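So the chains spell out like this:
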Amino acid sequence: MPLFGRPIESITEKDLQALIDDKVPEGRSIDYKRDLNLQTDDQKKKFLEHVTAFANTAGGHLIYGIEANGAIPTELVGMALDHKAQDSLTLSIVSQLRTSVRPSLASVEPRFVALANGRVVLVLRIRQSWASPHMVADSSKFYGRGPGGKFQLDVQDLRAAFAASEDLGRRMGLWRTERIGKILANEAPWTMPAGPRVIVHLMPQASFAGLRTVVAPLRNEALPLLGQGTYPSRPNFDGWISRANSGRSLTQLFRNGCLEGANDHSRFDGPPATGVRSVELELGVTDFVAQGLTTLQRLGLQPPVFACVTLAGIQGRRLIQGSYGPQGDPVPQDILVLPEAQVDDLETGNQQAVFTLLRPVFDPLWQAFGNHGSKNYDENGKWRGEHC
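Residues numbered from 1 in each chain as written. Predicted model: local features only at pLDDT ≥ 70, side-chain atom pairs only at ≥ 80, totals over all residues. Heavy atoms only, no water.

One finds Leu202, Val285, Val289, Leu311, Leu336, Leu358 and Leu365 to be the most contacted residues of the largest nonpolar core, which totals 41 residues. Mapped by element, the contributors of at least two residues to this core are strand E11 (197-204), helix H5 (278-298), strand E19 (305-312), strand E23 (341-343) and helix H6 (351-368). Among the elements that line this core, the one with the most residues is H5, at eight residues. Those residues within four positions of Leu311 in sequence are excluded, and the remaining contacts are Arg197, Val198, Leu281, Asp334, Ile335, Leu336, Leu338 and Leu365. Within the second largest apolar cluster, 22 residues are counted, among which are Leu38, Phe47, Phe54 and Leu97. (Core = buried A, V, L, I, M, F, W, Y, C linked by side-chain atoms within 4.5 Å. Buried < 20%, exposed > 50% of the residue type's maximum accessible area, 1.4 Å probe, protein only. Helix = DSSP H or I, 4+ residues; strand = E, 2+ residues; numbered from the N terminus. Contact = heavy atoms within 4.5 Å.)

Shown next, in the form of structure tokens:
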């Protein structure tokens, strides 16, 4: 019985018992464990080795609470965990994946399945990672998963994994460059008034990994508009488009899951006319990214997602920080293709968390104008706008 291809929340005791009744063996995509303890460093290390092995290969399910004889499941025993213990174990797993795996791993979904005997089974759904290969921190070993279970990746395996990762980055960069060019040449599905542009891309890495990633059709679902809230979408050749009545802000959701927002910059202009209002710009970009990530999560897209910001047509302009006026020097470049920010968890939390996430984008923006970094963050790294 396949577990992938269905919501993890729908997995029940009946589904788990079917694995035993059908004698579904351990293999490349499934593994059974009697219990899970994360008390000692060695236990944590072994757990992370198993998880990264799945993530480095094709993904799969790691199931705790099933007894196995050899590779064959024999009994649904479960684990004695109340709700408090389940929450504590979940937090520990998430923490370990973020702090003890390099690069951090977010493509893991936990599901506790209640059993009739009062116990629970923990099902971990581990998706193939497009930021692989992953290794356990303070370890020099990488693991993969095959028909016989976990194995250590050899030099040839690692070369192939790193080459695939580099190729992904190249494809993502080329796609972003092509999209920027089409927007500036008015060859996108829309035309915008002449003048400066602000362009934001949210690019799920899985969309460039050679898989057929197709977003389910939308039915007038509202998409975020850069600097202008949300607006209902309609289908077009590339996917789904949302456009403000003014035509100054437009969003394209591509069938592969990438989200593109563009604004003609009018909401972020000075005074003076040659200025860029930094507070409004950072706030508008942050709101778009936060709403965009929520949209991608709702559509079933998986992290990591890369948030990218581009400013075009800005040569000679200066950054304005509210009542403080111009900051730094006129920018010599006409186009600023800013570094991307990697998002490993689509549940970004409050707005301040998204501001923190985007600081690696905003600091280089300010540096392009001759400043050390964004002056809209205080000494503790909190975004405060002009109140810093």
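Glancing now at the environment of Gly370. Mapping Gly370 onto the fold places it in the segment after H6. Along the chain, Gly370 and Arg318 lie 52 residues apart, while their C-alpha atoms are 9.7 Å from each other.

In space, the three strands of this open sheet follow the order E18-E20-E21, with mixed pairing throughout. Both outer strands of the open sheet, strand E18 (275-277) and strand E21 (326-327), are each paired with one neighbouring strand and no more. The sheet contact formed by E18 and strand E20 (residues 318-320) spans three bridges and is parallel. Across the sheet, the residue bridging to Gly275 is Arg318, located in E20. (Pairing = 2+ DSSP bridges.)

For the rest of this paragraph, the subject is the packing of helix H2 (residues 41-55) against helix H3 (residues 83-99). Two numbers describe how H2 lies on H3: the axes approach to 11 Å, and their chain directions differ by 75°. With respect to H3, the element H2 is oriented roughly perpendicular. Residue-level inspection shows Lys44, Phe47, Leu48 and Val51 of H2 in contact with H3, the latter providing Ile93, Gln96 and Leu97. Among the residues making up the contact of H2 with H3, the classes are represented as five nonpolar, one polar and one charged. (Axes fitted to C-alpha atoms, helices over the stretch in contact; angles between N-to-C directions. Parallel < 35°, antiparallel > 145°, perpendicular 65-115°, else oblique. Nonpolar A, V, L, I, M, F, W, Y, C, P; charged D, E, K, R; others polar.)

Any functional reading would require information beyond the geometric quantities listed.
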